[in-house]
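# Notes for the structure review
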Amino acid sequence: MNKTYPQRMCIVCHQMFEKRDLVRVVKSNDSTFCVDTTGKMGGRGAYVCKNSECHQKLKKTKALNKAFKCLVPNEIYEELEKKCKTQN
Ligand SMILES: [Zn+2]
């Protein structure tokens, strides 16, 4: 019996993870960014897994900027990393 959970792709390593193993970043309709811990916020989302390797790469390559095709503030990158660390 394999229960299937919704899966999303990490924008850094391009692997599929269950949603709870990812951190979501949302760009809302008024073009502000935030780290969505509830998974319920509206807007366009991008997912990053919780591997520290991915977070290092994410910052280095500014992968969020590419995912959203615009400039994502540094605070978001920092918040993401913090969220990832506190959840481990
Ligand atoms: Zn990843």
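Okay, so let's go over this structure. Given the structure is predicted, the values throughout are model-derived calculations rather than measurements. (Residues numbered from 1 in each chain as written. Predicted model: local features only at pLDDT ≥ 70, side-chain atom pairs only at ≥ 80, totals over all residues. Heavy atoms only, no water.)

Helix and strand counts for the protein chain stand at 3 helices and 5 strands. In the protein chain, the order of α-helices and β-strands from amino to carboxyl end is β-β-β-β-β-α-α-α. On C-alpha atoms alone, the protein chain measures out to a radius of gyration of 13 Å, which is about the 12 Å that the 2.2 N^0.38 rule sets for 88 residues. Across its three principal axes, the protein chain shows a C-alpha extent of roughly 45 × 30 × 25 Å. Residue burial in the protein chain is summarised as follows: out of 88 residues, 38% are buried. Sequence-distant contacts in the protein chain: of pairs separated by 6 or more residues, those separated by 24 or more amount to 47%. Accessible surface for the protein chain amounts to roughly 6,100 Å². Of this, 49% is attributable to carbon and sulfur atoms. (Helix = DSSP H or I, 4+ residues; strand = E, 2+ residues; numbered from the N terminus. Rg over C-alpha atoms; globule rule 2.2 N^0.38 Å. Buried < 20%, exposed > 50% of the residue type's maximum accessible area, 1.4 Å probe, protein only. Contact = heavy atoms within 4.5 Å. Areas by Shrake-Rupley, 256 points an atom, 1.4 Å probe, with all protein chains shown as cover.)

Attention now moves to the coordination of the zinc ion. For the zinc ion, the full set of protein donor atoms is C10 (SG), C13 (SG), C49 (SG) and C54 (SG), at a range of 2.2 to 2.4 Å. Along the chain, the residues that donate to the zinc ion are spaced as C-x2-C-x35-C-x4-C. You can see C10 sitting in the loop between β1 (7-9) and β2 (16-18) and its partner C49 sitting in strand β5 (residues 44-49), a full 39 residues away along the chain. The class of C10 is buried, set by a relative accessible area of 0%. Residue C49 is classed as buried on the basis of its relative accessible area, which comes to 0%. (Donors = N, O, S within 2.8 Å, 3.2 Å for Na, K, Ca; no water.)

Further remarks concern the packing of aromatic side chains. Within this structure, the stated rule accounts for 1 aromatic pair. On the numbers, 5.1 Å between centres and 70° between planes, the contact of F33 with F68 is edge-to-face. In this pair, F33 is assigned in strand β4 (residues 33-36) and F68 in helix α2 (residues 63-68), connecting sequence segments 35 residues apart. By relative accessible area, which is 13% here, F33 ends up buried. The exposure class of F68 is buried, given its relative accessible area of 5%. Seen from the ring of Y77, K62 lies directly overhead, with NZ or CZ sitting 4.9 Å from the centre. (Phe/Tyr/Trp six-rings, centres within 6.5 Å; stacked < 30°, edge-to-face > 60°. Lys NZ or Arg CZ within 6 Å of the ring centre and 35° of its normal.)

Turning next to the nonpolar core. C10, I11, V12, V48, L58, L64 and L80 are the most contacted members of the largest nonpolar core, which has 23 residues in total. Those elements that place two or more of their residues in this core are β3 (22-27), β4, β5, α1 (52-61), α2 and α3 (74-86). Residues within four places of V48 in sequence aside, it is in contact with C10, I11, V12, D21, L22, V23, C54, H55, L58 and L80. (Core = buried A, V, L, I, M, F, W, Y, C linked by side-chain atoms within 4.5 Å.)

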